[in-house]
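What follows is the residue order along each chain.
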Amino acid sequence: MITERRRQRIAEMLARRQPDLTVLMERVRKPHNFAAILRTCDAVGIHEAHAVTGGEALPDLGGTTRGAHKWVSVVRHADTPAAIAHLKAQGFLCYAAHLSATAVDFRSIDYTQPAALIAGTECHGVSPEALALADRQITIPMLGMTASLNVSVACAVVLYEAQRQRQAAGFYDRPRLDPDSIARLLEALCTTRA
């Protein structure tokens with residue numbers, strides 16, 4: 001049986017969820033990276049994440065998410081074009097984290113607009129097809145000798161900038177999910193994930 005305090009905590013979490021902010025993990029296979037990205041998603045209020053798995057199962061997360069997989073839904077997609085088409089049909093602008101001549105500083109993006117961050121594989125980054133379909137390419141300035149951050153760290157950096165902008169705009173001050181969805185999710189989460 002769930003306590004009233006726990007139920008209230010879940011209700012508060014749902015009231016801060018951002019249905020128009022998400023991540024698309026393009027074949028992120030290492031469980032610790034996948035789990036770390038989900039933990040960051042939960043921490044910044046992402047309601048639903050997306051993953052291109054290429055028909056494979058999601059990584060076995062075990063206890064690596066510290067429970068975040070209970071609170072953030074993951075939608076699986078068989079391929080990148082289908083995933084990006086799905087997000088764009090919902091009104092998302094898709095930003096591919098990628099170092100290139102056309103990439104802009106990630107802080108120059110307006111994340112108060114519906115935004116999907118595309119994060120690529122650990123070895124090869126975002127695929128050429130994702131780059132072709134993305135609305136913009138973004139980069140995190142690097143001042144040292146290392147050319148890039150770990151995928152989960154890069155996601156955290158960008159998502160916390162999105163959270164900063166959204167907090168300044170008051171997005172966390174009122175529920176962004178509709179009342180019926182909140183009530184339905186609250187009941188489901190209190191029943192199955194308490």
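Parameters at a glance
- Residues numbered from 1 in each chain as written.
- Predicted model: local features only at pLDDT ≥ 70, side-chain atom pairs only at ≥ 80, totals over all residues.
- Heavy atoms only, no water.
- Helix = DSSP H or I, 4+ residues; strand = E, 2+ residues; numbered from the N terminus.
- Rg over C-alpha atoms; globule rule 2.2 N^0.38 Å.
- Buried < 20%, exposed > 50% of the residue type's maximum accessible area, 1.4 Å probe, protein only.
- Contact = heavy atoms within 4.5 Å.
- Phe/Tyr/Trp six-rings, centres within 6.5 Å; stacked < 30°, edge-to-face > 60°.
- 1 Å grid on protein atoms, 1.4 Å probe; cavity = no way out; pocket = protein on both sides within 12 Å on 5 of 7 lines; lining within 4 Å.
- Points joined across faces, edges and corners; volume = space filled by probe spheres on them.
- Nonpolar A, V, L, I, M, F, W, Y, C, P; charged D, E, K, R; others polar.
- Pairing = 2+ DSSP bridges.

S.K.: So what exactly am I meant to see when it comes to the overall build of the protein here?
M.R.: Along its length, the protein carries seven helices and seven strands. Walking the protein from its N terminus toward its C terminus, one meets helices and strands in the order α-β-α-β-α-β-α-β-β-β-α-β-α-α. Radius of gyration (C-alpha) of the protein: 17 Å, near the 16 Å computed for a compact globule of 194 residues. Residues classed as buried in the protein amount to 45% of the 194 residues present. Counted over contacts in the protein with a minimum sequence separation of 6, partners at least 24 positions apart contribute 79%.

S.K.: Explain the packing of aromatic side chains here, please?
M.R.: Any pair of aromatic rings gets described here by the distance separating the centres and the angle formed by the planes. For the structure on display, the rule yields one aromatic pair. Between Y95 and Y111 the ring centres are 6.1 Å apart and the planes differ by 70°, which places this aromatic pair in the edge-to-face class. Placement of the pair is Y95 in strand β4 (residues 93-97) and Y111 in the loop between β5 (104-105) and β6 (115-119), with a sequence separation of 16 residues. Y111 matches Y95 in its accessibility class, with the two residues each being buried.

S.K.: Honestly, empty space enclosed by the protein in this entry has me stumped. Any pointers?
M.R.: One water molecule sets the probe size; rolling that probe over the atoms shows where empty space is left. The final tally for this structure, using the stated rule, is one cavity of 30 Å³ or more. Of the volumes computed, that of the largest cavity is approximately 30 Å³. Mapped by element, the contributors of at least two residues to the lining of the largest cavity are β1 (21-26), β6 and α6 (151-168). The element that contributes the greatest number of residues to the lining of the largest cavity is β6, accounting for three residues. Partitioned by chemical class, the residues of the lining of the largest cavity number seven nonpolar, one polar and no charged.

S.K.: Just to check I follow, could you spell out the pairing of strand β7 (residues 136-139) for this structure?
M.R.: The side chains of a regular strand alternate between both faces of the sheet. Relative to β7, β4 runs parallel, the two being bridged by three bridges. Directly across from A96, in β7, lies its bridge partner Q137. The sheet contact formed by β5 and β7 spans two bridges and is parallel. Bridge pairing in β7 links V104 to I138.

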